[in-house]
Amino acid sequence: MTSVRQQNFLLRKEKILSMAESLLLDNNEDITLNELAAEMDIAKGTIYKHFKSKNQLYLELIILNEKRLLEISKRFNADFRTYVSEFMLYHLHNSNRTILLHMIEERLTNTEKGLKELFQELYHVREERILSIRDITRDYLDANHSSMSIRDYLSFIWTVTYGASLLLNSTSYQKAIGSRERLIELYVNQALIIAPATTNKKA
């Protein structure tokens, strides 16, 4: 494959991923490859040149999303409060994406056995993201005299973020929400509050 053909091949793959993400978010539910092909005005077989299955396409969407989060961690790794704000805003300003991709990942983890290399890539990107903010997280915990481990605190932030995403994406709760931006700010501030040390600090 020539260089130009390779570039065109990769560009078309990017377009397929972008359209798949848009359809997924617009429909707020599962999509079919037939729908995707029709929306892009291409043959379904063209999609199969890039993705062996819909599960592979979905997993590559999840990896793409994780790479965006990695970029956030690299861009804002000088100040922990700024990083947490940017991380949570990325999720909360598009809460349906956060929920859908998380649900799809859970399903694929439990059912998909043929995409081992892609799962390994996902976990590698995720580990790289954690490592890129490890030092500023430790510094923040130390500054607040907290006994929490880095892993536990980052898990806590994710829990707050995902819970807030569920609330912001709920049709019933949306009617009771006053200012979404004020609520989002509240959740970001909540995630940054940590308890002081009560036991010896864990490694």
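Residues numbered from 1 in each chain as written. Predicted model: local features only at pLDDT ≥ 70, side-chain atom pairs only at ≥ 80, totals over all residues. Heavy atoms only, no water.

Describing the overall build of the chain
Definition in use: Only DSSP runs of H or I covering at least 4 residues are called helices, and only runs of E covering at least 2 are called strands; the numbering of each starts at the N terminus. Each residue's exposure class comes from its accessible area (1.4 Å probe, protein chains only) as a fraction of the maximum for that residue type: buried when under 20%, exposed when over 50%, partly exposed otherwise. Should any heavy atoms of two residues lie within 4.5 Å, those residues are considered in contact. Only the protein chains shown count as cover for residues, and the accessible areas themselves come from Shrake-Rupley with a 1.4 Å probe. For the purpose of counting charges, residues Lys and Arg are taken to be positive, whereas Asp and Glu are taken to be negative. His and the chain ends are not included. For charged residues, the charge sits on one atom: NZ in Lys, CZ in Arg, CG in Asp, CD in Glu.
A tally of regular secondary structure across the chain gives 11 helices and zero strands. Starting at the N terminus and ending at the C terminus, the chain contains elements arranged as α-α-α-α-α-α-α-α-α-α-α. Buried positions account for 40% of the 203 residues belonging to the chain. A fraction of 70% describes how many contacts in the chain between residues 6 or more apart in sequence connect residues 24 or more apart. For the chain, the exposed surface amounts to about 11900 Å²; the carbon and sulfur share of it is 51%. Charged side chains of the chain number 27 positive and 26 negative; the gap between the two group centres comes to 3 Å.

Things to note about the nonpolar core
The criterion, for reference: Buried Ala, Val, Leu, Ile, Met, Phe, Trp, Tyr and Cys residues form a nonpolar core when they are joined through side-chain atoms within 4.5 Å.
Core analysis: the biggest nonpolar cluster contains 28 residues, and Phe80, Tyr83, Val84, Met88, Tyr153, Ile157 and Leu192 have the highest contact counts within it. Sorting the residues of this core by element identifies helix H4 (54-75), helix H5 (80-92), helix H8 (134-143), helix H9 (150-168) and helix H11 (180-191) as the ones contributing at least two each. Excluding residues within four positions of it along the chain, Val84 makes contact with Ile157, Ala191 and Leu192. Counting 26 residues, the second-largest nonpolar core is a separate cluster that includes Leu23, Leu36, Leu59 and Phe119.

Concerning the confidence of the model for the chain
The test is simple: Each residue gets a pLDDT score, which is the predictor's confidence in that residue and runs from 0 to 100.
Of all residues in the chain, 94% attain a pLDDT of 70 or more, and the chain-wide mean is 91. This model gives residues 199-203 a pLDDT under 50, and the stretch forms eight contacts once residues within four places in sequence are excluded.

Focus: the pattern of salt bridges
The line we're drawing: Whenever Lys or Arg places a side-chain nitrogen within 4 Å of a carboxyl oxygen from Asp or Glu, that contact is recorded as a salt bridge.
A full pass over the atoms with the stated rule returns 10 salt bridges. A salt bridge links Arg126 to Glu105, with the nearest nitrogen and oxygen atoms 2.9 Å apart. Residue Arg126 is located in helix H7 (residues 116-132), and its partner Glu105 is located in helix H6 (residues 95-111); the two are separated by 21 residues in the primary sequence. Take Arg126: its relative accessible area is 23%, and that puts it in the partly exposed class. Of the residues examined, Glu105 reaches a relative accessible area of 13% and is grouped as buried. The salt bridge involving Arg134 is made with Asp135; its shortest N-O contact spans 4.0 Å. A relative accessible area of 38% places Arg134 in the partly exposed class.

Structural notes on the packing of aromatic side chains
Using the following cut-off: Any pair of Phe, Tyr and Trp rings, taking the six-membered ring for Trp, is counted once the centres come within 6.5 Å. Such a pair is stacked with planes under 30 degrees apart, edge-to-face with planes over 60 apart, and tilted for the rest.
Going through the model one piece at a time under the given rule, you end up with eight aromatic pairs. Clustering of aromatic rings is evident, with ring pairs tying together Phe80, Tyr83, Phe87, Tyr140, Tyr153 and Phe156.

A short note on the packing of H5 against H11
Selection criterion: An axis is simply a line fitted to the C-alpha atoms; with a helix, the fit covers only the stretch in contact. Between two such axes, the angle follows the N-to-C directions and lies from 0 to 180 degrees. By the definition adopted for this analysis, an angle is roughly parallel if under 35 degrees, roughly antiparallel if over 145, roughly perpendicular if from 65 to 115, and oblique otherwise. A crossing counts as left-handed when the near helix is turned anticlockwise from the far one by less than a right angle, and as right-handed when that turn is clockwise. All residues other than Ala, Val, Leu, Ile, Met, Phe, Trp, Tyr, Cys, Pro, Asp, Glu, Lys and Arg, Gly among them, are scored as polar; the first ten of these are nonpolar and the last four charged.
Between H5 and H11, whose axes approach to 10 Å, the crossing angle comes to 135 degrees. Viewed along their axes, H5 and H11 adopt a mutual orientation that is oblique. Note on packing geometry: the crossing formed by H5 with H11 is right-handed. Counting all contacts with H5, which are made through Val84, Ser85, Met88, Leu89 and Leu92, the residues of H11 involved are Arg180, Ile184, Tyr187, Val188 and Ala191. For the contact of H5 with H11, the residue count by class is eight nonpolar, one polar and one charged.

Section: H6
Stated formally: Multiplying 1.5 Å by the residue count of a helix minus one yields the expected span of that helix.
With 17 residues, H6 extends 24 Å from end C-alpha to end C-alpha; this agrees with the ideal 24 Å at 1.5 Å per step. In this structure, the buried side of H6 is in contact with helix H1 (3-27), H4, H5, H7, H9 and H11.

As for H8
Here is the rule: Comment: arc refers to directions from the helix axis out to C-beta atoms.
Listed as buried for H8 are Ile136, Thr137, Tyr140 and Leu141. All buried residues of H8 project into a common sector of 140 degrees when viewed along the axis, lining one side. Where H8 is buried, its residues meet H5 and H9. Just beyond H8, the residue with positive phi is His145, at close to 55 degrees.

Observations concerning the side chain of Arg129
Inspection of the secondary structure assignment puts Arg129 in helix H7. For Arg129, a relative accessible area of 10% translates into the label buried. Excluding anything up to four places from it in sequence, Arg129 contacts Glu66, Leu69, Leu70, Ser73, Tyr83 and Phe87.

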